[in-house]
Amino acid sequence: MPAYGSTVAKTPHINALAARGTVFGNTYCNFPTCAPSRASMLTGQRATSIGAFDNGADFPSSTPTLMHHLRMEGYRTILAGKMHFVGPDQLHGYEERITTDIYPSDFTWTPDWSSNPPVSGARMSLLGVVEAGLCTRSLQLDHDEEVAFAANRKLFDLARDEDKRPFFLTVSFTHPHNPFVTTQEHWDRYDPSEIDMPAVGPIPYEEQDGRSQRHYLLTRCDEHDITQDRLRDARHAYDAMTSYIDDKLGQLMATLKAAGLDENTIVIFTADHGEMLGERGMWFKMCLFEGSVRVPAPTLAQLSTALVEVTSRPALRTALAEQGVEVQATGPATLARLMQCDTERWGALARAVGAKLD
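Residues numbered from 1 in each chain as written. Predicted model: local features only at pLDDT ≥ 70, side-chain atom pairs only at ≥ 80, totals over all residues. Heavy atoms only, no water.

(A) Molecular detail of the packing of helix H1 (residues 12-20) against helix H8 (residues 228-258). Viewed as axis vectors pointing N to C, H1 and H8 meet at an angle of 55 degrees, and their least axial separation amounts to 7 Å. The angle between H1 and H8 falls in the class oblique. Packed against H1, whose contacting residues are Pro12, His13, Ile14, Leu17 and Arg20, the element H8 presents Asp246, Asp247, Leu249, Gly250 and Met253 at the interface. Of the residues contributing to the contact of H1 with H8, the split by class is five nonpolar, two polar and three charged. (Axes fitted to C-alpha atoms, helices over the stretch in contact; angles between N-to-C directions. Helix = DSSP H or I, 4+ residues; strand = E, 2+ residues; numbered from the N terminus. Parallel < 35°, antiparallel > 145°, perpendicular 65-115°, else oblique. Contact = heavy atoms within 4.5 Å. Nonpolar A, V, L, I, M, F, W, Y, C, P; charged D, E, K, R; others polar.)

(B) Looking closely at the sheet that holds strand S4 (residues 96-97). Read from one edge of the open sheet, three strands run S4-S3-S6, paired in parallel fashion. Of all the strands in the sheet, the pair left with one neighbour each is S4 and strand S6 (167-172). Taken together, the six bridges between strand S3 (residues 76-81) and S6 define a ladder with parallel strand orientation. Bridged to Gly81 within S6 is Ser172. (Pairing = 2+ DSSP bridges.)

(C) Spotlight on the environment of Asp247. Looking at where Asp247 falls in the secondary structure, it is placed in helix H8. When the C-alpha positions of Asp247 and Pro12 are compared, they lie 8.5 Å apart, and in sequence the two are 235 residues distant. Aside from chain neighbours lying at most four places away, what touches Asp247 is His13, His186 and Arg189.

(D) Region of interest: H8. The terminal C-alpha atoms of H8, which comprises 31 residues, lie 45 Å apart, in line with the 45 Å expected from a rise of 1.5 Å per residue. Positioned one or two residues after H8, Gly260 has a phi angle of 75 degrees, which is positive. (Expected span 1.5 Å × (residues − 1).)

(E) Seen up close, the pairing of S3. Most of S3 is tucked away: six of the six residues are buried. Inspection of the sheet shows S3 paired to S4 by two bridges, in the parallel sense. Note that in S4 the partner of Leu79 across the bridge is Arg97. (Buried < 20%, exposed > 50% of the residue type's maximum accessible area, 1.4 Å probe, protein only.)

(F) Local environment of the nonpolar core. Core analysis: the largest hydrophobic core is formed by 23 residues, its most contacted members being Leu155, Phe173 and Phe269. Among the elements that line this core, the one with the most residues is helix H5 (residues 139-160), at six residues. Each residue touching Phe173, except ones within four places of it in the same chain, is listed here: Arg38, Asp144, Val147, Ala148, Ile245, Lys248 and Leu252. (Core = buried A, V, L, I, M, F, W, Y, C linked by side-chain atoms within 4.5 Å.)

(G) Structural detail: the environment of Val200. By the element assignment, Val200 lies in the loop between helix H6 (184-187) and helix H7 (210-218). The class for Val200 is partly exposed, based on a relative accessible area of 38%. Along the chain, Val200 and Arg280 lie 80 residues apart, while their C-alpha atoms are 5.2 Å from each other. Beyond its immediate sequence surroundings of up to four residues, Val200 is in contact with Gly278, Glu279, Arg280 and Gly281.

(H) The packing of H5 against H8, seen in detail. Orientation of H5 relative to H8, taken along the N-to-C sense of each, is 15 degrees, at an axis distance of 9 Å. Comparing the axis directions of H5 and H8 gives the class roughly parallel. The hand of the H5/H8 crossing is right-handed. Between H5, through Gln140, Leu141, Asp144, Glu145, Ala148, Ala151, Asn152, Leu155 and Phe156, and H8, the contact on the second element is made entirely by Met241, Tyr244, Ile245, Lys248, Gln251, Leu252, Thr255, Leu256 and Ala258. Considered class by class, the residues forming the contact of H5 with H8 number 11 nonpolar, four polar and three charged. (Left-handed = near helix turned anticlockwise from the far one by under 90°.)

(I) Here's a closer look at the side chain of His177. With respect to the helices and strands, the residue His177 is situated in the loop between S6 and strand S7 (181-182). Residue His177 is classed as buried on the basis of its relative accessible area of 9%. In this structure the side chain of His177 is engaged in a polar contact, spanning 3.4 Å, whose partner is the side chain of Lys285. Among residues more than four places away in sequence, those in contact with His177 are Cys34, Lys82, Tyr103, Gln140, Tyr238, Met241, His273 and Lys285. (Polar contact = N/O pair within 3.5 Å; in protein donor to acceptor, adjacent residues only side chain to side chain.)

(J) Geometry of the pattern of salt bridges. Applying the stated criterion across every chain, the model contains 16 salt bridges. Between Arg38 and Asp272 there is a salt bridge whose closest N-O contact spans 2.8 Å. Of this pair, Arg38 sits in helix H2 (residues 34-43) while Asp272 sits in the loop between strand S8 (267-268) and helix H9 (290-293); the two residues are 234 residues apart in sequence, bridging distant segments of the chain. Across the pair Glu290 and Arg294 runs a salt bridge, and its minimum N-O distance is 3.7 Å. We classify Glu290 as partly exposed; its relative accessible area is 40%. One salt-bridge network, in which partners are shared between bridges, spans Arg76, Glu95, Asp161, Asp163 and Arg165. (Salt bridge = Lys/Arg side-chain N within 4 Å of Asp/Glu carboxyl O.)

Following this line, the structure appears as structure tokens:
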């Protein structure tokens, strides 16, 4: 996305959000797989601390989430869309859920961990790559259109409701995600010649590190031949799907304004994981390379630039600690602690120390 230096993706609404607010430049998910990443995000804990190791792992109701805390502080908490909760509790602190999920809530996708490598319950393969391109309709489009409609309607409901409690509304789309198929409208926003190709090409299996070999087998990379045309089509479709989600963000921002909620609402745009998109010959996520774990985080709120620097640069946190300014980098309340710090003091130090590091 342009907010992160890309010249390919066409995302005017994300760009506008970034321009009006704050962009966290180095944001990483805790666990690059849908369900564990979301559980980590909601609980403020490492996925390993709560036993969320895969997309079939139970998310215990006994685990407190951000939504439980917000409700105790008087917030209305509402969920629209995908959250990938596995188990009987499909709320996890949300007061209201206005759509269902796109993926199964039972243990259908529990991997067979006794095999080597583990066999994914979802039976992942590169079929969604080799068939990348156009579609008239898809499961993902059906889901996200419903989510967008429900979320926009809910914003109007909140504006005219007599219940004036502050609200936390999660609007969770599944785009952009494998399989890489999109509408003609969004596909046509890109010229094939514009599509950038991987910076690092495929690495032969015997030359890969052990974890990359495991990823290769898990995603069954040997079953399909990814030609240059298929590679470009998949990346083309992914960019188009990103533009689709940008459109949905634009609709939500327009509704916020029309409902009179835009002046006192903080908007955070982020994701549960990245996408390798053929870098190193790898696809999807489930690995610790940059494309898989890095996520966007433009935020419609004017936060201290020093705060962004400190949360983005571990070396700066260390240098500040040596100056007697402790910035706690772990735990569920990290951002809140940073926002409550003596920003004038450590902000000046951050700029001074950062200049030395640079």
